Amino acid sequence: MRSPYFDDGHREFRAEVRAFLTAEVMPYAAGWEERDTVPAHVWKQFGERGLLGLLHPRAVGGGERDLFTSVVFLEELGRTGFGGLRAAVSVHAYMATQYLSMVGGQELCGAYLVPAVRGESLAALAITEPGAGTDLSGLGTTAVREGDRFMVTGTKSMVSNGMTADFFVTAVRTGPVTGGPRGTTGLSLLVIDAGLPGVGRAGRRTLGWRSAGTATVTFDAVRVPAGGLIGRLDHGFYYLMRGLQMERLVAATLAVGGMDRTLDELRAFLRARDVGGDALARKQALVHRVADLATDLAAARQLVHHTAWLFGQGELPAVECSMAKLHTTELACRLADTALQLQGSHGYLESSFAARAQRDARAATIAAGPSEVMRDVIGRAVLNRPAPGAGPAART
Ligand SMILES: Cc1cc2nc3c(=O)[nH]c(=O)nc-3n(C[C@H](O)[C@H](O)[C@H](O)COP(=O)(O)OP(=O)(O)OC[C@H]3O[C@@H](n4cnc5c(N)ncnc54)[C@H](O)[C@@H]3O)c2cc1C
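Residues numbered from 1 in each chain as written. Predicted model: local features only at pLDDT ≥ 70, side-chain atom pairs only at ≥ 80, totals over all residues. Heavy atoms only, no water.

(A) Examining the site of the ligand more closely. Lining the immediate surroundings of the ligand are 18 residues, of which Leu125, Ile127, Thr128, Thr134 and Met158 lie closest. For the ligand, an oxygen atom lies 3.3 Å from a polar atom in the backbone of Gly133. Expressed as a share of its isolated accessible area of 970 Å², the protein-covered part of the ligand is 66%. Looking at the shell around the ligand, the elements that each hand over two or more residues are strand 1 (123-126), strand 3 (149-159) and helix 13 (371-384). No other element matches helix 13, which puts three residues into the shell around the ligand. A per-class count over the shell around the ligand returns 12 nonpolar, four polar and two charged. Two domains share the shell around the ligand, each providing at least three of its residues, namely domain 2 (124-232) and domain 3 (238-384). (Near = heavy atom within 4 Å. Polar contact = N/O pair within 3.5 Å; in protein donor to acceptor, adjacent residues only side chain to side chain. Areas by Shrake-Rupley, 256 points an atom, 1.4 Å probe, with all protein chains shown as cover. Helix = DSSP H or I, 4+ residues; strand = E, 2+ residues; numbered from the N terminus. Nonpolar A, V, L, I, M, F, W, Y, C, P; charged D, E, K, R; others polar. Domains from an automatic or database assignment.)

Given below as structure tokens:
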């Protein structure tokens, strides 16, 4: 479908990315899922094509491309239908390294962001802990300043890329929580090199997102150079609040690409499957279900593109990011569930595209903020909006 957001350059880029993913990723990605890892040479292939630094500045080897170039890339990455791969790549290229671009100094970017953009060094984002996920005020991993180092102690859970990361962008407590039980002061972001003594990791087998190398990461009195601090001390919460909007937009864009794949596969199955002398694709009950899903997907895509457009204008559209993430990731669950049902017993095989889509879709309604939190953000914004005529018009 033609769209006002994409020009010929974007369309050419889409064709290039799709050709690369079709040739170099699709034939092998199922094997990576079995081994729960994306091999090192694949990261280099992404890096050589500039796909790990589309938004990062040219000074660090990035492409400094517009946001819709990333939308194209993420939709195509989603379209592979491999949730673990898309989590691994997006956590590296957009979620963890964005903080280095945002507020990391020249030295830190030179040491970590430059090799990350090339695909020579792998990044993970370590925020969640066994005792605190959505509630950032509950984070307990401490970083205590001792001379020219921070002494870091704590445990991070559900770290995507955790098993293979070369460094962790880590949320640490550097000061007390003030301002009540949901206070958000005293958090900082620190780059922790995975090779430092005291860093441990243990793989976790997850329902979906296989090949993302999910791990529990422990820091046992790790002595981290003070230069690893990203931005300013105790400003971590503010950086995370900005970064989380990007995470949600990325999650929504990947979900749209993933749904394209699921719908393509479903369409092929329904056209090929003959039941009682007629293709399933000719049964009106199924035609209508596909029509509803395709319509929901078209609407979801427009919401994502509109949100990306707002982002690209320099806004931080937190409500739209939450709406886009909520709507697309929940729709992806419904679409995967329907695809499985309409494939009958073929869909119930663990190896079916629908089963994988279902396993992967479930992760996305939790990671980067569960649906309940998205509804909280949206609901509060709607209810607190000024009444019509009571002031400047609220953005819709
Ligand atoms: C596959 C996967 C990959 C992940 N990758 C990473 C990663 O790379 N790095 C990282 O740091 N984290 C990662 N996470 C963790 C993820 O960000 C957290 O799971 C998420 O923030 C929720 O935190 P929690 O699991 O501790 O749930 P909790 O905070 O304990 O919440 C449990 C449930 O309670 C409900 N809930 C929570 N808060 C509210 C609220 N305010 N109102 C109403 N209901 C609420 C929701 O249903 C939520 O699912 C990943 C998670 C998954 C599933």
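Resuming the write-up.
(B) Expanded view of the pairing of strand 3. Note that strand 2 (residues 142-146) and strand 3 share five bridges and pair antiparallel. Within strand 3, the residue paired with Ala143 across the bridge is Val152. Between the end of strand 2 and the start of strand 3, which pair antiparallel, lie two residues, with Gly147 showing a positive phi angle near 65 degrees. Taken together, the eight bridges between strand 3 and strand 7 (residues 215-225) define a ladder with antiparallel strand orientation. By the bridge assignment for strand 7, Val152 is matched with Val222. (Pairing = 2+ DSSP bridges.)

(C) Structural detail: the environment of Thr365. Along the chain, Thr365 falls in the loop between helix 12 (353-364) and helix 13. Note: C-alpha distance between Thr365 and Met163 (202 residues apart in sequence) is 23 Å. The contacts of Thr365, once residues within four sequence positions are left out, are Lys325, Thr329, Glu330, Cys333, Pro370 and Ser371. A distance of 2.8 Å separates the side chain of Thr365 from the side chain of Arg362, its partner in a polar contact. (Contact = heavy atoms within 4.5 Å.)

Scope: geometric values only; no functional claims are made or implied.
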